[in-house]
Amino acid sequence: MFAGFDYGTSNCSIGVWQNGAVRLLPVEGRNSLIASTLYAPKPDLELNHRDDVLDMSTQSFDALKFGNDALQAYLRDPTQGYFVKSPKSFLGAKGLNERIKDRFISVVAAMMGNVKRNAESHLDQAIDQVIIGRPVNFQGTGGAAENQQALQMLVAAAHEAGFADVAFLFEPMAAAMEYEASLESEEKILVVDIGGGTTDCSFVLIGPSRREVKNRDADILGHAGERQGGNDYDQALALHSVMPTFGFGDHLKSGLPIPNTYFVDAVSTNDVNAQQRYFSRTTGERLDVFVREGVHPRRIARLARLREVRSTYRLLNEVERAKVNLSEHETAAVGLGFLNEAVEVVCDRKGFGRSTTRLLDRLSDLISETLKQGQTRPDVVYLTGGMAGAPVVRQHLEKVFGRLPLTDSDHFGSVTTGLTIWARNQFT
Ligand SMILES: Nc1ncnc2c1ncn2[C@@H]1O[C@H](COP(=O)(O)OP(=O)(O)OP(=O)(O)O)[C@@H](O)[C@H]1O
Ligand SMILES: [Mg+2]
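Residues numbered from 1 in each chain as written. Chains lettered and ligands numbered in written order. Predicted model: local features only at pLDDT ≥ 70, side-chain atom pairs only at ≥ 80, totals over all residues. Heavy atoms only, no water.

Trainee: I'm lost on the overall build of the protein chain in this one. Help?
Mentor: Scanning the protein chain for helices and strands turns up 14 helices and 16 strands. Whereas a compact globule of 428 residues would reach a radius of gyration of roughly 22 Å, the protein chain reaches 22 Å, a difference of no more than 12%. Separation of charge centres in the protein chain, based on 46 positive and 53 negative side chains, amounts to 4 Å. (Helix = DSSP H or I, 4+ residues; strand = E, 2+ residues; numbered from the N terminus. Rg over C-alpha atoms; globule rule 2.2 N^0.38 Å. Lys, Arg positive; Asp, Glu negative; His and termini not counted. Charge placed at Lys NZ, Arg CZ, Asp CG, Glu CD.)

Trainee: Looking at this model, I keep getting lost on the layout of surface pockets. Mind explaining?
Mentor: A water-sized probe, rolled over the atoms, reveals where empty space remains. In this structure, the second largest pocket occupies an estimated 360 Å³ of space. Lining the second largest pocket are 19 residues, and of these D232, Q235, A236, S268 and R358 sit closest to its centre. Taken together, the elements giving at least two residues each to the lining of the second largest pocket come down to helix 5 (230-242), helix 6 (261-267), helix 7 (272-279) and helix 12 (357-374). It is helix 5 that contributes the most residues to the lining of the second largest pocket, five residues altogether. For the lining of the second largest pocket, the class distribution of residues is six nonpolar, six polar and seven charged. (1 Å grid on protein atoms, 1.4 Å probe; cavity = no way out; pocket = protein on both sides within 12 Å on 5 of 7 lines; lining within 4 Å. Points joined across faces, edges and corners; volume = space filled by probe spheres on them. Nonpolar A, V, L, I, M, F, W, Y, C, P; charged D, E, K, R; others polar.)

Trainee: Just to check I follow, could you spell out the packing of aromatic side chains for this structure?
Mentor: For any two aromatic rings, the description comes down to two numbers: the centre-to-centre distance and the angle of the planes. Under the counting rule described, the total for this entry stands at eleven aromatic pairs. With a centroid separation of 6.4 Å and 75° between ring planes, the pair formed by F5 and Y7 is classed as edge-to-face. The exposure class of F5 is buried, given its relative accessible area of 0%. Where Y74 meets Y313, the ring centres are 6.2 Å apart and the plane angle is 90°; that geometry is what we call edge-to-face. Of this pair, Y74 sits in helix 1 (residues 67-76) while Y313 sits in helix 10 (residues 312-326), placing them 239 residues apart in sequence. We classify Y74 as buried; its relative accessible area is 4%. Linked through ring pairs, F5, Y7 and F163 together constitute an aromatic cluster. (Phe/Tyr/Trp six-rings, centres within 6.5 Å; stacked < 30°, edge-to-face > 60°. Buried < 20%, exposed > 50% of the residue type's maximum accessible area, 1.4 Å probe, protein only.)

Spatial relationships are all this shows, so hold off on functional conclusions.
This is how it looks when you write it as structure tokens:
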């Protein structure tokens, strides 16, 4: 049996072809999405060496938790287990040695295996062939070596998870195919997919006569993408709206500023090196000095406490929730109860908007790059990915595209649906 598998930075989902249509299978309870998180119960938290990626060979599959269960286990006590979020973000990192790559592969394989098992519990046969979505670029533009490394790791993980045949499709291409399935005439579509970890654009020629074609390379008019997504918007909001409560921008009594790097490292949860620096003993000692010598010791003491209770993911989880709430409300609060403080930091849309300037500029660049390759105007712009739901992003896109019509997909299901359509094309 074949499937389309979106191994997303934030969420995973899987679809099969049943009764002439795509069916997205339940993978967490009745939900067809599961967060890309894993929790291993044994403490393995000496993050002082670059080599410290969870060693799955010491874990039993039954003891692992995934998705929301993993998050809840971590939130109960961040110091008693190993929490992994968005491992897809690390697959294209430079300088990974073979041992670390193997460890990442096993982590990804465990997550894929969990999705496979849960999906198969709703089927009467095993899934053995799969099309997995891939971003246009796992890191920056032109990162051919990084892309190759990430794809090799994903193939190895998928095999370890029990998929025999594995092939890839660009994630925005998949969304284009989902749109194409209901199309009655030919169109030039620009897909903009802003997910948790990457932003991807594909400019594609689509139409009913092209659906059965086995190689669609000639239909790609342009594409661009890079490692920038919802996680980066979370970090921008955390740094600009929340970190001032932790001393960001403060000075010492001597008049010297407290260096920004400590705050940037604290919020950079998708940067292994930054997190290692933040949790290092040297940082602990520096923060103690800043608490003694700072103009606002209570603020910098929060940064020290955050480090002591190893709660950077927890903070970012709260900030992500606030970011999502800002899509509906003018303000959203980030509670600091997990630091034993009855303090709430209130974020607002204006502040969020200011923090995203660099990210939105980069988004415009990617779109321009894609359109330039196509040398023509798209008939429609198709938006997908969770971040397409943020008003700050939408307003920016409306500005960028002017009068071009923007159409929305199911932001969380279009890629998986398209991957499944392509799986049917390729495996039958
Ligand atoms: N209503 C919302 N408003 C703003 N952001 C949202 C909303 N809902 C989800 N998000 C954000 O969307 C992102 C997840 O999107 P999505 O599920 O498309 O990512 P993904 O497919 O797992 O990642 P990628 O495609 O980059 O690998 C997260 O950063 C999440 O916070
Ligand atoms: Mg995605």
